[in-house]
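Structural features, examined
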Amino acid sequence: MSITEKVGAGTADFADQRLGSNKWLGKNLKKVFPDHWSFMLGEIALYSFMVVLITGVFLTLFYKPSLVEVVYEGSYVPLKGVMMTEAYASTLDISFEVRGGLLIRQMHHWSALIFVAAISVHLFRVFFTGAFRKPRELNWVIGVGLLVLALGAGFSGYSLPDDLLSGTGLQIARGIAQSIPIIGTWAAFLLFDGEFPGVDFMSRLYMVHILLIPGLIIGLVTVHLMMVWYQKHTQFPGQGRTNSNVVGYPLLPVYMAKAGGFFFIVFGIITMLSGLVNINPVWIFGPYTPDQVTAGTQPDWYIGWLDGALRVMPNWETVAFGFTLSWNILIPAVIVPGLIFTAMALYPFLESWVSGDKREHHLLDRPRNAPVRTGIGVMSIVFYGLLWIGGGNDLMATTFNLSINAITWFLRITLFLLPPLAFIITKRICLALQRKDRDKLLHGYESGRILRLPHGEFIEVHQPLNNKEKAILMAKLDSEQEPLALPAKTDANGVKNKGYRVESLRARLSHFYFADTIAPPTREEIEAGQAHVAHEAELEAPLHEYEEEAYVQVPFHGGVLHREGAPMTNAEALEDSRRTD
Amino acid sequence: MSSDLTPRSDGSPEATGAHGVVSGSGVNDRLARPDYAGPGALPLAAVDHTPRRSDLYPKAARRVERQITLMFLLSMLMAVLFIVGYVAIDVGTEIYIPVLGGVGFQNLVLGVTFGLGVFLIGAGAIQWAKKLMPDVEVVQDRHPLPSTPTEDAKAAEQYQRGKEESGFAAYRIMRRTLIGALALFPIPLVVLVRDMWTNDDPALAGQSPAEILSSTAWTGGLRIVTDGTFQPLRPADIPVGGLVSALPENIEEIQKEAHNLNERGKSAIILVRMDPEDIRAQQGEGWDYQGILAYSKICTHVGCPIALYEHRTHHLLCPCHQSTFDLADAGNVIFGPAARSMPQLPIGVDEEGFLVAASDFNQPVGPSFWERG
């Protein structure tokens, strides 16, 4: 036993005497985690959040959340002698005086951007594969909460340097708060300690950014992961993978090495990116004053869609009974985002209500096998994308020499036209892919070999599927869902059905969701198809015999068509053949 | 035992369970038809497995070992280089790098050495896992999540016991008063929020938020000074087609007294001069001075300061959300999300010939709010 092992065993024993931890270790070190590249997306989110935390702690050592005006005396020449707030001056000091400060600041910003991006793509994966279905609905809701918190963390963070850009963002946020009916002005005054920009606000925002939101995120991430651990990860359909097993690699050593190593990969890439690519150069923007602004102002990417919504909204405002309702702010900045996040959180419950499906789902759907869900997902992405374009309409106009008014009008119209179109197209594509899958299950795949039969007919030879692919295609069966039947208006005794309206709505939605599908083939159909494939193979057999006679085996693959594990050189091939002999 | 590892070679449909429906199978016609079992029915054992080169040839395995060791060694080297960069390079040194342009040399060195050092640890660990650790998948069973009926019954029994022992159901008034007390207990916490802002500015004594938002520092006769140099302006200082950002002359005193920039955020204005013939409408009769018009600088949409002015069309464009105002037509909105025209400040000149405000704005500047009307 090496010294490390002795120390390790001692520690394990110490813990076990007090916590009984060996029981847990013995059971869990062999816990199996399924493997798929898309399962890394959530990991990227987790790891970039860890980088945010580590770098954030460093930044708090130097940053001063104060709006007291000071004269800048640092080493950045263009701003020497300029009046600015302590918040901005300390951010400049982090960038120019503290060694490695700029690196950490840029790592903090880059990892925050990657954090939100990874959450978004992780959300797509979970949505499109139906991983949110029973029993994981609660974890989906937590995930939506984490997304909202991540947006809040990002916004509160990039507002802290108090440069011209971030101050403008805060001014917009204040304008939105002020537009809220009845309580708007009071809410804005309480939050900002009076008028904008005020003095106490920065320390409040700082508290939100380094305590409130990170605390909530850490808490929710912990629950999120514990639930993944306890419920076990979902898996994609495949050979040997059922709804009641997990196929993958054990925690120790493979998963630990892969996931642990991936943390360092993410950390390393963010660090190199921050060394090489400048981000948020606050010194260029200058200190914030409420009466100045730069043209082409852009928020961080994840706020772009909200800014876009503000930009494309028509200028509706209602004044009645001496009170003002600013629809032009309320709709894009409060109502629409509120509805979107609520609908998102409730989606798993809506879908299970519509399907009437109470089963547990541990096998993921292939997106094509849930055409309506996939359509809704793509539709939402298109909607988001259009708003996002709206957030950059000024840059689009100047870059492509277009009229900004034309872009805005284009978006106002396409926001209603394109998402439904995207839904229809996606659904059609899904059904077409289903049809293709069904064909493959029936006849195997097209080999590309054309055969002329003795009587002159040309056929394309089909090749049977391998088990791996067959298993994936058969997963359609698991995603199949029968639409609910329409309820009866009255029961057998002629008594009126009280829940008729709700039930019929449910049935109609269910029809909308599940009626259009390409039914998976029956066993008889598959058998017939396989007979067909066998027949074609029979027709082709003489050709193969002829070819084999003329074929001289070349032991060296030349590296071009080399497969993993096949011999690389003639010598190896020779060694191989000797061994098998 | 359900959590036992099953090596893949043992995986058969019997052992792994066929197309499992864990709980409550639906009334699903299409599913109930026993056409064929689900994907799991094809045993995992039949998966083609190609052994890796490192499995077959000890030489290849040793090469991988060397690669990984080299990565870890390089990682250590990077940590050393990081310290060298930290100590030896001055924080202000700039170098030119093609594509990237002028960059801070120390930042570059620290980022690349630290980043590469961390990256190599990860790359080594993953290479280790992929090439030298087992690449055969294993099977584990899932536990059914719901409790068994016996466990359900036990939980219900315990609940019942607690209910009876506490008498929660029996003591009706006590129960209701407890609920009432619990409902009221957060109220003090909410009340405490009230003092997040108090109106302690003597100049604004007794004013509500809506009233504070409705007035600015401008008064009749107050000189208009340029933003930045704080020089009073004569009409001749502004050429036709020109735009000047301006503030009230006492802005510096106000800021010094209040220790904040609040007033600047409200009373900032722009002065534009156009041919008096071009002015089609104003918000008040004679509010211009010889074609010089003063408008609030704060957008009526969500409050961005505006200064993008096109002097030929007299259009003013907000850089934040592209609301466009026609300054020759009383500052009316001609495009974009803003609903209100830019408030106009009536101006004139004093006896010394400097531009002055004729009065305060006749409406609140900046974004709309509920009490604005």
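Residues numbered from 1 in each chain as written. Chains lettered and ligands numbered in written order. Predicted model: local features only at pLDDT ≥ 70, side-chain atom pairs only at ≥ 80, totals over all residues.

1. Some details on the overall build of chain B
- Along its length, chain B carries 11 helices and 14 strands.
- Here chain B, with 373 residues, has 34% of them falling under the buried criterion. (Helix = DSSP H or I, 4+ residues; strand = E, 2+ residues; numbered from the N terminus. Buried ≥ 20, exposed ≤ 12 C-beta atoms within 10 Å, placed from the backbone.)

2. Describing the overall build of chain A
- Summing up its helical and strand segments, chain A has 21 helices and 8 strands in all.
- Overall, the C-alpha framework of chain A stretches about 90 × 85 × 65 Å when taken along its three principal axes.
- Counting the 581 residues in chain A, one finds 42% classified as buried.
- Considering only contacts within chain A whose residues lie at least 6 apart along the sequence, 72% involve residues at least 24 apart. (Contact = placed C-beta atoms within 7 Å.)

3. With respect to unusual backbone geometry
All names here are of chain A.
- Here Lys-134 and Pro-135 are connected by a cis peptide whose omega angle stands at 10°.
- Residue position: Pro-135 is located in the loop between helix H5 (101–128) and helix H6 (137–158).
- For the peptide bond that leads from Leu-252 to Pro-253, omega is 5°, which places it in the cis range.
- Residue position: Pro-253 is located in helix H10 (residues 251–276).
- Not every positive phi belongs to a glycine, and Asp-193 is a case in point at roughly 50°.

4. Focus on the sheet that holds strand E3 (residues 138–141) of chain B
- What the 3 strands build is an open sheet, ordered E1(A)-E4(A)-E3(B); its pairing is antiparallel. With one partner strand each, in any of the chains shown, strand E1 (32–33) of chain A together with E3 of chain B form the two edges of the open sheet.
- With 4 bridges joining them, strand E4 (residues 245–250) of chain A and E3 of chain B adopt antiparallel strand pairing. By the bridge assignment, Asn-245 of chain A is partnered in E3 of chain B with Asp-141 of chain B.
- Seen against the sheet, H10 of chain A touches E1 and E4 of chain A and runs at an angle of roughly 75° to E4 of chain A. (Pairing = 2+ DSSP bridges. Axes fitted to C-alpha atoms, helices over the stretch in contact; angles between N-to-C directions.)

5. Considering the sheet that holds strand E8 (residues 308–310) of chain B
Residue and element names in this part refer to chain B.
- Reading across from one edge, E8-E9-E10-E11 is the order of the 4 strands in this open sheet, with antiparallel pairing throughout. The open sheet has two edge strands with one neighbour each: E8 and strand E11 (332–335). Adjacent strand axes in the sheet meet at a mean angle of 30° when their direction is disregarded.
- The sheet contact formed by strand E9 (residues 315–317) and strand E10 (residues 324–326) spans 3 bridges and is antiparallel.

6. Description of the nonpolar core
- Grouped together as the largest cluster of nonpolar side chains are 92 residues, with contacts concentrated most on Ile-224, Leu-271 and Ile-347 of chain B.
- At 9 residues, helix H14 (residues 371–391) of chain A tops the list of elements feeding residues into this core.
- When sequence neighbours within four positions are dropped, the list of residues in contact with Ile-347 of chain B reads Ile-224, Trp-287, Tyr-289, Ile-292, Ala-294, Leu-355, Val-356, Ala-357 and Ala-358 of chain B.
- Counting 80 residues, the second largest nonpolar core, distinct from the first, contains Val-32, Trp-140, Met-272 and Leu-364 of chain A. (Core = buried A, V, L, I, M, F, W, Y, C linked by C-beta atoms within 7 Å.)

7. Focus on the pairing of strand E6 (residues 269–273) of chain B
Residue and element names in this part refer to chain B.
- Counting buried positions along E6 yields 5 of 5 residues, so the element is predominantly enclosed.
- By the bridge criterion, 4 bridges tie strand E5 (residues 243–248) to E6 in an arrangement that is antiparallel. Across the sheet, the residue bridging to Leu-243 is Val-272, located in E6.
- Pairing geometry for E6 and strand E7 (residues 292–296), over 5 bridges, is antiparallel.

8. Topic: helix H9 (residues 201–231) of chain A
Residues and elements named next belong to chain A.
- Taking 1.5 Å of rise per residue, the 31 residues of H9 would be expected to cover 45 Å, and the 43 Å separating its terminal C-alpha atoms lies within 8% of that figure.
- The axis of H9 is deflected most strongly, by about 35°, at Val-208.
- Regarding H9, the residues found buried are Phe-201, Met-202, Leu-205, Tyr-206, His-209, Ile-210, Ile-213, Ile-217 and His-224.
- The inward-facing, buried residues of H9 contact helix H3 (40–60), helix H4 (86–96), H6 and helix H8 (184–192).
- In the segment just after H9, Lys-232 is the residue with positive phi, at about 70°. (Expected span 1.5 Å × (residues − 1). Bend = angle between axes of the 7 residues up to and from the residue.)

9. Notes on the confidence of the model for chain A
- Looking at chain A, pLDDT values average 91 and 95% of them are 70 or higher.
- For the stretch residues 554–560 of chain A, pLDDT sits under 50, and the model shows 7 contacts to residues farther than four places along the chain or on other chains. (pLDDT = per-residue confidence, 0-100.)

10. Points about the interface of chain B and chain A
- Each side of the interface is counted separately: chain B has 106 residues, and chain A has 117 residues.
- Broken down by secondary-structure element, the contributors of at least two residues to the side of chain B that touches chain A are helix H2 (29–32), helix H3 (53–56), helix H5 (105–131), E3, helix H9 (209–214), helix H11 (262–267) and E11 of chain B.
- Ranked by residues supplied to the side of chain B that touches chain A, first place goes to H5 of chain B with 18 residues.
- Per-class residue counts for the side of chain B that touches chain A are 59 nonpolar, 34 polar and 13 charged. (Nonpolar A, V, L, I, M, F, W, Y, C, P; charged D, E, K, R; others polar.)

11. Brief notes about the packing of H5 of chain A against H6 of chain A
Residue and element names in this part refer to chain A.
- Their axes nearest at 10 Å, the elements H5 and H6 cross at an angle of 160°. When the interaxial angle is binned, H5 and H6 end up roughly antiparallel. The interaxial crossing formed by H5 with H6 has left-handed handedness. Of the residues in H6, those in contact with Ala-112, Phe-115, Val-116, Ile-119, Leu-123 and Val-126 of H5 are Trp-140, Gly-143, Leu-146, Leu-147, Ala-150, Leu-151, Gly-154 and Gly-157.
- Among the residues forming the contact of H5 with H6, the class breakdown is 11 nonpolar, 3 polar and no charged. (Parallel < 35°, antiparallel > 145°, perpendicular 65-115°, else oblique. Left-handed = near helix turned anticlockwise from the far one by under 90°.)

12. Considerations on the confidence of the model for chain B
All names here are of chain B.
- Within chain B, residue pLDDT values average 86, and 87% of them lie at 70 or more.
- Contacts from residues 1–35, a stretch scored under 50 in pLDDT, to residues over four places away or in other chains number 81 contacts.
- Of the two predicted TM-score estimates for the complex, the pTM is 0.90 and the ipTM is 0.89.

13. Describing the environment of Glu-211 of chain B
- Its location among the elements puts Glu-211 of chain B in helix H9.
- Separated by 161 residues in sequence, Glu-211 of chain B and Arg-372 of chain B have C-alpha atoms that sit 9.1 Å apart.

14. Points about the packing of H5 of chain A against H10 of chain A
All names here are of chain A.
- The contact between H5 and H10 brings their axes to 8 Å, and the two run at 120°. Considering the angle they form, H5 stands oblique to H10. At the point where H5 passes H10, the crossing takes the right-handed sense. In this structure, H5 uses Leu-103, Gln-106, Met-107, Trp-110, Ser-111 and Ile-114 to contact H10, whose residues at the interface are Ile-270, Thr-271, Leu-273, Ser-274 and Gly-275.
- Tallied by class, the residues present in the contact of H5 with H10 amount to 6 nonpolar, 5 polar and no charged.

15. Considering the environment of Ser-368 of chain B
- By secondary structure assignment, the location of Ser-368 of chain B is in the segment after strand E14 (355–357).
- C-beta crowding within 10 Å serves as the criterion here: with 25 such atoms nearby, Ser-368 of chain B is assigned to the buried category.
- Separated by 303 residues in sequence, Ser-368 of chain B and Glu-65 of chain B have C-alpha atoms that sit 68 Å apart.
- Look past the residues within four positions of Ser-368 of chain B in its chain and what remains in contact with it is Ser-179, Glu-317, Thr-324 and Ser-326 of chain A together with Thr-300, Ala-339 and Arg-340 of chain B.

16. A short note on H5 of chain B
- Between its terminal C-alpha atoms H5 of chain B stretches 37 Å, which fits the 39 Å expected from 27 residues at 1.5 Å a residue.
- The element H5 of chain B is largely enclosed, with a buried count of 22 among its 27 residues.

17. Quick look at the pairing of E7 of chain B
Residue and element names in this part refer to chain B.
- Among the 5 residues of E7, 5 are classified as buried, and the element is accordingly described as predominantly covered.
- Of the two faces of E7, the one carrying Ile-292, Ala-294 and Ser-296 and the one carrying Leu-293 and Tyr-295 are both buried.
- Pairing of E7 with strand E12 (residues 344–345) involves 2 bridges; the strand directions are antiparallel. Bridged to Ala-294 within E12 is Leu-345.

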